[in-house]
Amino acid sequence: MKIQESKVTFKSGRVITKYALTNNNGMQVELISLGATLTKIIVPDAAGNFENVILDWQDLEVYESHPGYFGAVPGRTAGRIWNGQVTINNETYYFYKNNNGNTLHGGKVSFAHRNFDCQAVIDQEGAKLVCSYLSPDGEEGYPGNLQVKVTYILKEDNSLTIDYEATTDKDTIVNLTNHAYFNLSGDAKRSVLEQEVYLNSDEIFATDENLIPKGTMISVDDMPEFDFRVPKTIGQDINSNNEVLRYGNGYDHVYKLKDKGVAAKLFDSISGRCMTVTTDAPCVVVYTMNGADSSLMHSNGKSSKPNYGVCFETQRPAIGYEEVFKDLVLLKKDDVYTQTTTFKFGIL
Ligand code: FUC
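We now turn to the structure provided with this report.

Rules of the game
Residues numbered from 1 in each chain as written. Predicted model: local features only at pLDDT ≥ 70, side-chain atom pairs only at ≥ 80, totals over all residues. Heavy atoms only, no water. Helix = DSSP H or I, 4+ residues; strand = E, 2+ residues; numbered from the N terminus. Buried < 20%, exposed > 50% of the residue type's maximum accessible area, 1.4 Å probe, protein only. Contact = heavy atoms within 4.5 Å. Pairing = 2+ DSSP bridges.

1. A look at the environment of T9
Alright, step 1. Mapped onto the elements, T9 comes out in strand β1 (residues 2-9).
Alright, step 2. In this structure T9 comes out as exposed when scored by relative accessible area, which is 55%.
Alright, step 3. Along the backbone, T9 and G144 are 135 residues apart, and their C-alpha atoms lie at a distance of 31 Å.
Alright, step 4. T9 has contacts with R14, V15 and E61, leaving out every residue within four places of it along the chain.

2. As for the environment of T276
Alright, step 1. Locating T276 in the fold gives a position in strand β21 (residues 273-279).
Alright, step 2. For the pair T276 and Y198, spaced 78 residues apart in the sequence, the C-alpha separation amounts to 9.2 Å.
Alright, step 3. With residues near it in sequence (within four places) discarded, T276 still touches V262, A264, K265, T342, F343 and K344.

3. Focus on the pairing of strand β25 (residues 336-347)
Alright, step 1. In terms of strand pairing, strand β13 (residues 159-168) meets β25 through nine bridges, oriented antiparallel. Residue A166 lies in a different strand from β25, and its bridge partner there is Y337.
Alright, step 2. Here β21 pairs with β25 via seven bridges, running antiparallel. Across the sheet, residue T278 finds its bridge partner in β25, namely T342.

Here it is as structure tokens:
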């Protein structure tokens, strides 16, 4: 196990830190302190070629402002908040409406654009990066001083675990995840449309056309386009003429997980790579990168294109109409929010 660390100064004057964690098999995970962001996960294919399996930006400065949350930890609340407001203990708090009159991924700035304080550690569990951020009371409208800790752990079994922890001194809301865009082809040489997905889910949260939960569920038995209980390619039904699928212009939906444990799997038959996602979170948002900014380049030297990545954002549900599901993201003063997700890489 090995951890390398270096400083990078942006044109804005901001100084961030870059880290590379490497295990004894040569698997490497790169991160930056800005947004506690994963920038690369380098794993072998069936022939032993080491390549990056998440999308990153060629120019690190893009991470300062880009709204795609590439590899970052959005927050305080990943996902959407209906009408950008929430009532806690009879007081209503208002957030920046950055998504069709609603709040997405924490508001105007998001944790994705905050510089975390990171500590690199190697211990018996693996190579770790512990990323902390104190979000002050009132930041982006949220109540309470929220102390956040996101720990990345690279282990010798070629897995990456992300442990989230948060505490507050006032009742608040919190919902944390990682927004990496996976592509098992290696260095994003093909879209994800031919990659296969398995999901441990029977139902999605019903939403309106802006992806705001209405409070009801849709069984995947009634909408087979959303059924991944038997693995199928992302591309198989993505263009089907299903109204709910068209709301996201592809998959951009909150799946309710059947139980804790394996949430999702991703397979690429060409490279022979596979990935298993396990979590104790109740939901996973599957987002198939339905839009892209073609003026920007990934580190493979190619411009960004839709459907070149798939996110498995393990988290709690979004807050819907009339604050439905709000109780599921409440964090009480002196309680501890935790969430653990592991991405394990292997060969088919
Ligand atoms: C996902 C989606 C959103 C958004 C963002 C970049 O979490 O739910 O629609 O486009 O990522």
